[in-house]
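If you want the building blocks of each chain, they are given just below.
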Amino acid sequence: MAKQNTVFKDAFNRCLKLLAETSALPSEPELGATLGVSRTTIRAILTRMEELQLISWDKRAKMVLRQPRADDYYPAEETDSLSDIIERSFMRRILAGGAEPGMQINELELARDIGTGTTSVREFLIRFSRFGLIEKRPNSHWVLKGFTREFALELTEVREMFELRSAASFAALDPDHPAWLELEKIEALHHEILADIDNRYNEFSELDERFHLLVHRSSSNRFIVDFYDIIAIVFHYHYQWNKTNARERNARAMEEHLAYIAALKTRDAAQVEAACRRHLRSARETLLQSIQ
């Protein structure tokens, strides 16, 4: 079921991170400004923290009683946006059906599975249909048209243009931009997964999406970021369509990511472009192999 209090849970998790770094929380207005939520939500967060005996809360005084533990946080899947939940449910249905052309998707059934209204689901499907992957039929039905070789070639051509532009923008970010810290975290996660690749290679597809989305967002171009949603869906899930040599394929892609990340950290335009092109060329070949 889609969580109706996603905003609260996301803000609560972020507030726990603040709590881990201080001995006393700031005022409610300051917390609201920092977390970008209403005063009502802040009060709900403080109440929850008091229930967990994380803080003692007496009017303005908020004293930290203990440091947050892992089990204090809400699971990541409960803090996802509704659009993320719809996307994940949509792709799960496609994968369960083998991603075969002609497969039918019923928006009413999809909405019922997610636990949301059909309007949100319909808006997602309409947006997705702009790229010719699905087609509207009568009675709330949609049909998957398939991921053809021609579609993949067109998609990769646009992806390469966008990512080269975004990678150059990323390398030019100010040294104190938060994206660099996120890049460090992503780099560390690559090393963690590679160290246990036999058991964790299936985690790559989500890591791949996280990394490339970070790069694209640095473009500060709303059209690039918006279109990347569709690019991400295809490239993110094609790793699951074709299981052949998945471990080796994912390990190779992670090594390419690490080389790409290293190039970004040099801030050298030529190195960044070369690493970006090398990885995108490999990703294109993998995608084409997955739909042959």
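What this report covers is the structure whose coordinates are included nearby. Note that this is a predicted model, so its numbers are computed, not measured.

Reading the values: rules and limits
- Residues numbered from 1 in each chain as written.
- Predicted model: local features only at pLDDT ≥ 70, side-chain atom pairs only at ≥ 80, totals over all residues.
- Heavy atoms only, no water.
- Helix = DSSP H or I, 4+ residues; strand = E, 2+ residues; numbered from the N terminus.
- Contact = heavy atoms within 4.5 Å.
- Areas by Shrake-Rupley, 256 points an atom, 1.4 Å probe, with all protein chains shown as cover.
- Buried < 20%, exposed > 50% of the residue type's maximum accessible area, 1.4 Å probe, protein only.
- Polar contact = N/O pair within 3.5 Å; in protein donor to acceptor, adjacent residues only side chain to side chain.
- Salt bridge = Lys/Arg side-chain N within 4 Å of Asp/Glu carboxyl O.
- Pairing = 2+ DSSP bridges.
- Axes fitted to C-alpha atoms, helices over the stretch in contact; angles between N-to-C directions.
- Expected span 1.5 Å × (residues − 1).
- Core = buried A, V, L, I, M, F, W, Y, C linked by side-chain atoms within 4.5 Å.
- Arc of directions from axis to C-beta.

Before going further, it helps to spend a moment on the overall build of the protein. Along its length, the protein carries 13 helices and five strands. Counting only contacts in the protein whose residues sit at least 6 apart along the sequence, the fraction spanning at least 24 positions is 67%. Summed over its atoms, the accessible surface of the protein is roughly 15,400 Å², and 49% of this surface lies on carbon and sulfur atoms.

Before going further, it helps to examine the environment of His 279. Relative to the helices and strands, His 279 resides in helix α13 (residues 269–290). For His 279, a relative accessible area of 1% translates into the label buried. Between the alpha carbons of His 279 and Met 254 there is a distance of 9.7 Å; along the sequence they are 25 residues apart. Discounting residues that sit within four places of it in the chain, His 279 has contacts with Asp 208, His 212, Ala 253, Glu 256, His 257 and Tyr 260. At a separation of 3.1 Å, a polar atom in the side chain of His 279 contacts the side chain of His 257.

Inspection of every chain in the model, using the stated rule, returns 15 salt bridges. For the salt bridge of Asp 71 with Arg 69, the shortest nitrogen-to-oxygen distance reads 3.3 Å. In this structure Asp 71 comes out as exposed when scored by relative accessible area, which is 59%. In this structure Arg 69 comes out as partly exposed when scored by relative accessible area, which is 45%. Salt-bridge contacts for Glu 135 lead to Arg 137; the nearest nitrogen and oxygen are separated by 3.0 Å. Taken together, the shared-partner salt bridges connect Glu 28, Arg 39 and Arg 43 into one network.

This paragraph deals with the sheet that holds strand β5 (residues 141–144). Overall, antiparallel pairing links the three strands, which are arranged β3-β5-β4 in an open sheet. Of all the strands in the sheet, the pair left with one neighbour each is β3 (104–106) and β4 (134–137). Taking each pair of neighbouring strands and ignoring which way they run, the sheet shows an average axis angle of 30°. In this sheet, β5 lies alongside β4 in antiparallel orientation, the contact comprising four bridges. Bridge assignment links Glu 135 to a residue of β5, and that residue is Val 143.

Let us now look at the pairing of strand β2 (residues 61–64). Here β2 shows a clear split, with Lys 62 and Val 64 buried on one side and none of Ala 61 and Met 63 buried on the other. Pairing of strand β1 (residues 55–58) with β2 involves four bridges; the strand directions are antiparallel. Bridge pairing in β2 places Ser 56 opposite Met 63.

Its 23 residues place the ends of helix α7 (residues 149–171) 32 Å apart at the C-alpha level, agreeing with the 33 Å of an ideal helix rising 1.5 Å per residue. Every buried residue of α7 is listed here: Phe 151, Ala 152, Leu 155, Thr 156, Arg 159, Glu 163, Ser 166, Ala 167, Ser 169, Phe 170 and Ala 171.

Another aspect to go through is unusual backbone geometry. A negative phi angle characterises most non-glycine residues, just as the trans form characterises most peptide bonds. The phi dihedral of Ser 220 falls on the positive side, at around 55°, and the residue is not glycine. Residue position: Ser 220 is located in the loop between α10 (204–217) and α11 (222–241).

Let us now look at the nonpolar core. Counting residues in hydrophobic clusters, the biggest one holds 28 residues, and the most contacted among them are Ala 167, Phe 170, Leu 183, Phe 211, Met 254, Tyr 260 and Leu 264. Within the residue set of this core, elements represented by two or more residues are α7, α8 (178–195), α10, α12 (246–266) and α13. Beyond its immediate stretch of four places on either side in the chain, Leu 183 contacts Phe 170, Phe 211, Leu 214, Ile 261, Leu 264 and Lys 265. Within the second largest apolar cluster, 21 residues are counted, among which are Leu 110, Ala 111, Phe 151 and Tyr 228.

Right, let's talk about helix α3 (residues 39–51) for a bit. Between its first and last C-alpha atoms α3 spans 18 Å; for 13 residues at 1.5 Å apiece the expected length is 18 Å, and the two agree. Within the span of α3, buried status applies to Thr 41, Ile 42, Ile 45, Leu 46 and Met 49. With its buried residues spanning 140° around the axis, α3 presents them on a single face. Those residues of α3 that are exposed and angled more than 90 degrees off the buried face are Thr 40 and Glu 51. Note on α3: the residue one or two positions beyond its end, Gln 53, has a positive phi of about 60°.

A few words on the pairing of β5. Direction of pairing for β3 relative to β5: antiparallel, over a ladder of three bridges. Its bridge partner lying in β5, Ile 105 is registered against Trp 142. Where β4 folds back on β5, the antiparallel hairpin that results is connected by three residues, among which Asn 139 adopts a positive phi of roughly 60°.

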